[in-house]
Amino acid sequence: MLRIMNYASPESLDEAYALLTKNKKNMILGGMIWLKMEDIQIPTAIDLSKLGLDQIEEDDAEFKIGAMVTLRQLETHQAFNEATCYVFRDAVKDIVGVQLRNLATVGGSIYSRFSFSDVICSLLCLECDVQTHKHGRISLEEFVSLPYEKDIVEYIYVKKTNLLSAFVSVRRSATDLSVLNASCTKCADHYRFCFGARPAIAKVYNCDLDHIDLDVYCADNMRGSKEYRKKLVEGLTQKLLRKVESYVG
C-alpha cells in the first residue's frame, strides 16, 4: 500500500529539488503509474504541476518537451510526429490504453529507465537531450548510463534532423510489455540502431551504411530466451530497414 505522509506543490524547480534532497525517501510525483502499486511510505511527495512542465514548445531547431507532458500529448502532437517519422507514436500506441497514456509522463518514463521502456528506445534513435536539475542538458544516451540518484528531469529536447526513422517491437499480446523493441535512424553515413527490452535497458548501435553488423547482447527472462531474442534482432533489423527505406510519411 502506498502511503504519503506529506504533499508539496513547489513554486520553483529549485524549491522542488531542495525538497527532494531533504530526505532520501522523498519522491517526485509523475503519472504514478508504477508508484501507486508500491508498498512504501513517502515522507514528502512532490508535485511539479505548478511549474509549467506540461507544455510542448517548438522552434526552428528542436522540440522542447516538459517532463510533465503525458505520453498521449506527445503521441498526438502532429508537428512532432511529422518531424520524427511517427517513431514515438508507433512506440507508445500499444502501451496499455489511452487512459494510461493520458496519465504517464514523458519525464517519469525517462527518469525511471526501465529496461522494457518503449519510450526510451524510441527517443534514443533520435538526436535527443535531457535536461536535469543536477546535470543540466546532456544526451539521452549519456543520461540512461548514469546511476540512479536524486534528480529532477525537467525537459526533453528532440532536434529536427529530417532523418528517416522507425520503431518496431514484438509483444506477446497487444498491450503487453515488449519482448524486444527496436528503433533505427538513417544518418548521412551510418544507421543508428537501438535495441531495448533485451531485457537490459535500451542501447545504441551505430553501423556503416554498407555493412550492418549488430552484436546485440540479449539475456533470458520470463518473456523470452536469449536465443529467441537474438532471432528477433535479426528479424526486427530487416523490418526496420524496410520501414526506413520505404517511409513516405
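Look above for the structure.
The notes below deal with the structure included here. This one's a predicted model, so the numbers in the text were calculated from it and none came from an experiment.

## Some remarks on helix H9 (residues 226-246)
- In this model H9 runs 30 Å from its N-terminal to its C-terminal C-alpha over 21 residues, within 8% of the 30 Å that 1.5 Å per residue would give.
- Along H9, the residues that are buried comprise Arg 229, Leu 232, Val 233, Leu 236, Thr 237, Leu 240, Leu 241 and Val 244.
- Residues of H9 that are buried in the fold lie against strand S9 (165-171), strand S10 (178-186) and strand S11 (190-196).

## Description of the sheet that holds strand S3 (residues 41-47)
- Here three strands make up an open sheet; going across it, the order is S1-S3-S2 and the pairing parallel. Only two strands of the sheet have a single neighbouring strand rather than two, namely strand S1 (3-8) and strand S2 (27-29). Within this sheet the neighbouring strands show an average axis-to-axis angle of 40°, counted without direction.
- Judged from the three bridges that link them, S2 and S3 form a sheet pairing that is parallel. The residue of S3 that forms the bridge with Ile 28 is Ile 46.
- Packed onto the sheet, helix H1 (residues 13-22) meets S1, S2 and S3 and runs at close to 170° relative to S3.

## Focus on the nonpolar core
- Ranked by size, the top nonpolar core spans 38 residues in total, and within it Ile 65, Ile 110, Leu 123, Leu 140, Phe 143 and Ile 156 carry the most contacts.
- Of all the elements in the fold, those that place two or more residues in this core are strand S5 (62-66), helix H2 (71-75), helix H4 (87-92), helix H6 (106-112), helix H7 (118-124), strand S6 (128-132), helix H8 (140-144) and strand S8 (153-159).
- Setting aside residues no more than four positions away along its own chain, Ile 110 makes contact with Val 119, Ile 120, Leu 123, Val 130, Leu 140, Phe 143 and Ile 156.
- If you look at the next biggest cluster of nonpolar residues, it comprises 21 residues, including Tyr 191, Cys 218, Leu 232 and Val 233.

What counts and what doesn't
Chains are numbered independently. Their residues run from 1 in the order of the written sequence. Under the rules for a predicted model, residues below a pLDDT of 70 receive no local features and side-chain atom pairs below 80 are neither given nor counted, while totals for whole chains, interfaces and linings still include all residues. For side-chain calculations, the full set of non-hydrogen atoms in the structure is used, while hydrogens and water are omitted. Where helices and strands are cited, they refer to DSSP runs of H or I of at least four residues and of E of at least two residues respectively, numbered from the N terminus. Residue count minus one, scaled by 1.5 Å, sets the expected span of a helix. Think of it in three bands: with a 1.4 Å probe and only protein chains considered, a residue is buried below 20% of the maximum accessible area for its type, exposed above 50%, and partly exposed in between. The contact criterion used throughout is that any non-hydrogen atoms of two residues lie within 4.5 Å. Paired strands, as defined in this entry, are two strands with at least two bridges between them according to DSSP. Note on method: axes are straight lines fitted to C-alpha atoms, helices fitted across the in-contact stretch only, with angles between N-to-C directions ranging 0 to 180 degrees. The term nonpolar core refers to a set of buried residues drawn from Ala, Val, Leu, Ile, Met, Phe, Trp, Tyr and Cys, joined through side-chain atoms within 4.5 Å.

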